[in-house]
Amino acid sequence: MTELPKNFLWGGAVAAHQVEGAYNVGGKGLSVADVMTAAGSHDERRITDGVQEGEFYPNHEAVDFYHQFPEDVKLFAEMGFKSFRTSIAWSRIFPQGDETEPNEEGLAFYDRLFDECLKYNIEPVVTLSHFEMPYHLVTEYGGFRSRKTITFFTRFAEAVFNRYKDKVKYWLTFNEINNQSNYNREFTLFTNSGIQVKPGENAEAVMYQAGHYEVVASARAVQIGHKINPDFQIGAMVAFSPVYPATDKPADVLKAQRAMQARFWFSDVQVEGEYPSWLTRYQKAKQFNLDITPEDLAELKKGTVDYLGFSYYMSFATAASDHEDKYYSYNESEDLVTNTYVPRSDWGWQVDPEGLRYGLNWMNDRYHVPVFIVENGIGAIDKLEADHQVHDQYRIKYLRDHIEQMKLAIVEDGVDVMGYTPWSAIDIVSASTGQLSKRYGFIYVDRNDDGSGSLARYRKDSFYWYQHVIETNGDDLSESGAKHA
Ligand code: P53
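Named according to an unreviewed UniProt entry, the protein is Beta-glucosidase 6-phospho-beta-glucosidase beta-galactosidase originating from Secundilactobacillus similis DSM 23365 = JCM 2765. Of the protein, the UniProt comment under Sequence similarities (unreviewed entry) reads exactly: "Belongs to the glycosyl hydrolase 1 family."

Given below as structure tokens:
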């Protein structure tokens with residue numbers, strides 16, 4: 001008996017900047033991803049002042065999906081994908097970001113890509129902004145520091161909604177909009193909002209201002225989209241790392257509750273259409289002096305999302321210190337503790353499959369809209385054998401453990417889950433480290449951290465396993481049914 005809905009959207013996910021390459025082809029302008037270097041396993045990428053001679057930028061070529069997508073989509077179809085999540089590189093459509101007319105060559109590229117998906121009955125799931133804002137908007141306007149960027153974003157949204165209204169039904173506005181709740185981490189504010197905090201500035205206030213402009217931009221995009229095609233399903237997208245209390249000490253529980261509020265106010269606003277009460281008071285008490293107008297608040301109410309998309313990789317834990325203020329103020333760069341009950345990936349990410357079931361129930365209780373698992377996966381070192389096989393048992397185990405918990409949430413708990421698009425459909429450039437060697441894909445790409453490699457594609461063991469999972473609509477998660485070539 002099939003336990004999951006018949007139309008369940010099995011698939012895989014990537015983002016434009018992490019696969020396409022061709023960073024200056026077809027009239028594309030620079031994006032924030034084009035000025036970030038590669039880091040090692042445990043340090044952060046550097047953000048350079050424009051593209052600098054002598055630096056290596058892994059996203060410039062990535063895995064050359066821009067040229068090789070017909071073969072890649074064919075491989076997705078071979079796995080049985082019902083959906084494929086990618087993003088539209090904003091700077092292919094508006095190279096500088098502040099033009100009034102879109103770039104036809106950029107639009108034509110996504111026509112070809114979406115047509116290729118539809119040829120195999122693969123439903124595109126499209127993120128409007130996935131860490132790839134036009135770099136010109138950063139240098140000229142300070143990214144989402146500026147209210148003007150709302151208009152630049154909605155102009156972009158309107159152009160692609162119009163162009164692809166008969167090809168794309170599922171949309172997401174901002175990828176992992178809540179990453180920047182970790183406002184002290186340079187990477188998050190830059191990739192989410194195109195912002196670098198200046199010395200002496202209050203990073204938390206900067207984050208709340210940018211986040212506000214983004215939820216307004218998202219609400220406007222939702223309204224524009226529904227006018228263009230009432231059948232559009234337009235979602236919000238958050239990184240769901242739940243924050244557990246480290247112990248049953250009441251102060252730890254309060255600290256974890258505030259951490260969850262601080263991480264999920266974005267989706268609170270995008271789903272419910274209004275700010276949570278604690279945040280309005282907190283922002284006032286802290287004298288952040290934010291530009292939030294009554295017109296904005298009315299707009300938020302009118303532009304609530306149809307569903308909530310989220311990524312799930314890991315869970316966090318937090319503990320109260322001895323000197324908490326009355327807000328239990330949460331600073332993610334300092335306030336996390338190690339959860340000793342769960343293992344960690346090679347990159348230190350806490351692997352917690354049950355956290356996915358917890359999250360699905362938490363979102364269902366809080367939001368009452370359908371949810372879509374649009375990312376889930378593990379970054380790992382893969383070994384390409386001499387016969388071109390990749391035995392990625394650890395990836396199969398990770399995904400199987402998570403799918404089991406997802407099935408419990410759907411079948412036993414009744415959570416309305418639209419689909420599951422693991423990260424990643426094919427190997428990508430890691431967002432946080434710029435590495436190719438932090439691999440996520442079902443399909444191995446012969447490319448190394450220094451940019452060398454043939455770019456040839458090879459099916460990993462997880463490719464055949466996932467193919468069988470989709471074939472049985474998730475009934476059989478074992479490897480026995482998987483057919484190798
Ligand atoms: P990478 C932080 C925490 C959770 C997910 O991440 C995150 C991040 C930002 O790094 O990003 C998402 O490549 C993101 C993808 C990214 C993927 O998770 O840093 O939406 O673009 O590649 C995995 O290992």
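Past the structure itself, the notes keep going.
**Student:** Whenever I open this one, the pattern of salt bridges confuses me. Can you help?
**Tutor:** One side chain can pair with another of opposite charge once the charged atoms of both are near each other. For the structure on display, the rule yields 30 salt bridges. The salt bridge partner of R357 is D413, with a shortest N-O separation of 2.8 Å. Taken together, the residues R357 in helix α12 (residues 354-367) and D413 in the loop between α13 (393-412) and β11 (417-420) connect sequence positions 56 residues apart. Two residues, D401 and K397, come together in a salt bridge whose shortest N-O distance is 2.7 Å.

**Student:** Can you help me understand helix α8 (residues 203-228) in this one?
**Tutor:** An α-helical turn contains 3.6 residues, so a residue and the one three or four places further along point in the same direction. End to end, α8 covers 37 Å across 26 residues, agreeing with the expected 38 Å (1.5 Å per residue, within 8%). Extensive coverage of α8 is indicated by the burial of 21 of its 26 residues. For α8, the N-terminal cap is N202; the gap from its side-chain oxygen to the backbone nitrogen of E204 is 2.9 Å.

**Student:** Can you help me understand the packing of aromatic side chains in this one?
**Tutor:** Think of a pair of aromatic rings as described by two things: how far the centres are apart, and how the planes are tilted against each other in angle. Across all of its chains, the model carries 43 aromatic pairs by this definition. Aromatic side chains F76 and F81 sit 5.2 Å apart centroid to centroid with 15° between the ring planes, which places their arrangement in the stacked category. When sorted by exposure, F76 lands in the same class as F81, which is buried. Its guanidinium or amino end placed over the ring of W349, K438 lies 3.9 Å from that ring's centre, counting from NZ or CZ. The side chain of R459 reaches across the aromatic face of F463, ending 5.6 Å from its centre.

**Student:** Looking at this model, I keep getting lost on the sheet that holds strand β8 (residues 316-318). Mind explaining?
**Tutor:** Hydrogen bonds along the backbone pair up the strands of a sheet, which may run parallel or antiparallel. Taken in spatial order, the 3 strands make up an open sheet running β6-β8-β9, and their pairing is mixed. Of all strands in the sheet, those with a lone pairing partner are β6 (243-245) and β9 (336-337), marking the two edges. Relative to β9, β8 runs antiparallel, the two being bridged by 2 bridges. When the sheet's bridge partners are listed, A317 is paired in β9 with V337.

**Student:** For this particular structure, what's the right way to read the site of the ligand?
**Tutor:** In the vicinity of the ligand there are 17 residues, among which Q18, A431, S432, K438 and Y440 approach most closely. Side-chain polar atom of E176 to an oxygen atom of the ligand: 2.9 Å apart, as the coordinates give it. Take Y313: an N or O atom from its side chain is 3.2 Å from an oxygen atom of the ligand. Isolated, the ligand exposes 480 Å² of accessible area, and the fraction of that covered by the protein chains is 96%. Split into classes, the residues belonging to the shell around the ligand amount to 8 nonpolar, 6 polar and 3 charged.

**Student:** Explanation requested: the side chain of N192 in the structure shown.
**Tutor:** Along the polypeptide, N192 turns up in helix α7 (residues 186-193). Setting aside chain neighbours within four positions, we find N192 in contact with F131, N175, E176, I177, N179, Q180 and E214.

**Student:** I would appreciate a short explanation of the sheet that holds strand β7 (residues 307-312) in the present structure.
**Tutor:** Spatial ordering of the closed barrel is given by β1-β2-β3-β4-β5-β7-β10-β11, a layout of 8 strands whose pairing is parallel. For this sheet, the mean angle separating the axes of adjacent strands, direction not counted, is 30°. Both strand β3 (residues 123-129) and strand β4 (residues 170-174) contribute to a ladder of 4 bridges, which runs parallel. Bridged to S129 within β4 is F174. The strands touched by helix α9 (residues 250-272) are β4, β5 (233-239) and β7; relative to β5, the strand with the most contacts, the crossing angle is about 170°.

Rules used throughout
- Residues numbered from 1 in each chain as written.
- Predicted model: local features only at pLDDT ≥ 70, side-chain atom pairs only at ≥ 80, totals over all residues.
- Heavy atoms only, no water.
- UniProt positions renumbered as here; feature names shortened; annotations may be inferred.
- Salt bridge = Lys/Arg side-chain N within 4 Å of Asp/Glu carboxyl O.
- Helix = DSSP H or I, 4+ residues; strand = E, 2+ residues; numbered from the N terminus.
- Expected span 1.5 Å × (residues − 1).
- Buried < 20%, exposed > 50% of the residue type's maximum accessible area, 1.4 Å probe, protein only.
- Polar contact = N/O pair within 3.5 Å; in protein donor to acceptor, adjacent residues only side chain to side chain.
- Phe/Tyr/Trp six-rings, centres within 6.5 Å; stacked < 30°, edge-to-face > 60°.
- Lys NZ or Arg CZ within 6 Å of the ring centre and 35° of its normal.
- Pairing = 2+ DSSP bridges.
- Near = heavy atom within 4 Å.
- Areas by Shrake-Rupley, 256 points an atom, 1.4 Å probe, with all protein chains shown as cover.
- Nonpolar A, V, L, I, M, F, W, Y, C, P; charged D, E, K, R; others polar.
- Contact = heavy atoms within 4.5 Å.
- Axes fitted to C-alpha atoms, helices over the stretch in contact; angles between N-to-C directions.

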